[in-house]
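Geometric and topological summary
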Amino acid sequence: LEVLYQAADAYRPQPYPNHVVLMRGTKKSFGFAGTPLLGWDGFLTQLTVTEVPGNHYSIMGPGAEQLSEEMNRHMQQAETAHWANRKPRL
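Note that the structure is a prediction, hence the values are computed from the model and not measured.

1. Remarks on the overall build of the protein
Along its length, the protein carries two helices and two strands. A globule of 90 residues ought to have a C-alpha radius of gyration of about 12 Å, yet the protein, at 17 Å, is considerably larger. Counting only contacts in the protein whose residues sit at least 6 apart along the sequence, the fraction spanning at least 24 positions is 65%. Accessible surface computed for the protein: about 7,400 Å², of which carbon and sulfur atoms make up 59%. Each charge sign in the protein was given a centre, from 8 positive and 8 negative side chains, and these centres are 8 Å apart.

2. Topic: the layout of surface pockets
Put simply, the second largest pocket is a space of about 220 Å³. In this structure, the second largest pocket is lined by His19, Val21, Met23, Met71, His74, Met75, Gln77, Ala78 and Ala81. Among the secondary structure elements, those contributing two or more residues to the lining of the second largest pocket are strand E1 (16-25) and helix H2 (64-85). For the lining of the second largest pocket, the per-class residue count stands at six nonpolar, three polar and no charged.

3. Some remarks on the pattern of salt bridges
Within this structure, the stated rule accounts for two salt bridges. Here Glu51 and Arg24 are joined by a salt bridge, their closest N and O atoms 3.5 Å apart. Residue Glu51 is found in strand E2 (residues 44-52), and its partner Arg24 is found in strand E1; the two are separated by 27 residues along the sequence. As a salt-bridge pair, Arg73 and Glu70 come within 2.7 Å of each other at their nearest N and O atoms. Linking Arg73 with Glu70, this pair stays in helix H2, spanning three residues, or about one helical turn.

4. Remarks on unusual backbone geometry
Glycine aside, residues mostly have negative phi, and peptide bonds are mostly found in the trans state. In this structure, Leu38 is a non-glycine residue whose phi angle is positive, near 55°. The residue Leu38 is located in the loop between E1 and E2 in this model. Given the relative accessible area of 24%, Leu38 is considered partly exposed.

5. Digging into a nonpolar patch on the surface
Together, Leu1, Leu4 and Tyr5 give the surface a local cluster of nonpolar side chains, amounting to about 400 Å² of exposed area. Among the secondary structure elements, Leu4 is positioned in helix H1 (residues 2-10).

How each quantity is defined
Residues numbered from 1 in each chain as written. Predicted model: local features only at pLDDT ≥ 70, side-chain atom pairs only at ≥ 80, totals over all residues. Heavy atoms only, no water. Helix = DSSP H or I, 4+ residues; strand = E, 2+ residues; numbered from the N terminus. Rg over C-alpha atoms; globule rule 2.2 N^0.38 Å. Contact = heavy atoms within 4.5 Å. Areas by Shrake-Rupley, 256 points an atom, 1.4 Å probe, with all protein chains shown as cover. Lys, Arg positive; Asp, Glu negative; His and termini not counted. Charge placed at Lys NZ, Arg CZ, Asp CG, Glu CD. 1 Å grid on protein atoms, 1.4 Å probe; cavity = no way out; pocket = protein on both sides within 12 Å on 5 of 7 lines; lining within 4 Å. Points joined across faces, edges and corners; volume = space filled by probe spheres on them. Nonpolar A, V, L, I, M, F, W, Y, C, P; charged D, E, K, R; others polar. Salt bridge = Lys/Arg side-chain N within 4 Å of Asp/Glu carboxyl O. Buried < 20%, exposed > 50% of the residue type's maximum accessible area, 1.4 Å probe, protein only. Patch = residues over 30% accessible without salt bridge, like charges linked within 9 Å, V, L, I, M, F, W, Y side chains within 5 Å.

On their own, these measurements won't tell you what the molecule is for.
What follows is the structure in structure tokens.
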């Protein structure tokens, strides 16, 4: 267990250059919940924040249908962008 604590203490996250979708609950529960980007600012340069019903613990409960709809919408957008930007093979 001590090795895990040492690894976590030594870890220094690096900025991530690609697009990320952050799904956050409308009900704030703890920690970074009061900040709009949940602590990811400074690491993510292309970030879309989408709010869905619930909090960290209940987001997969009654609001799961809206969560899945939002995830599907963002995945379809990513797939469309991928194919639109893809260069044909020769």
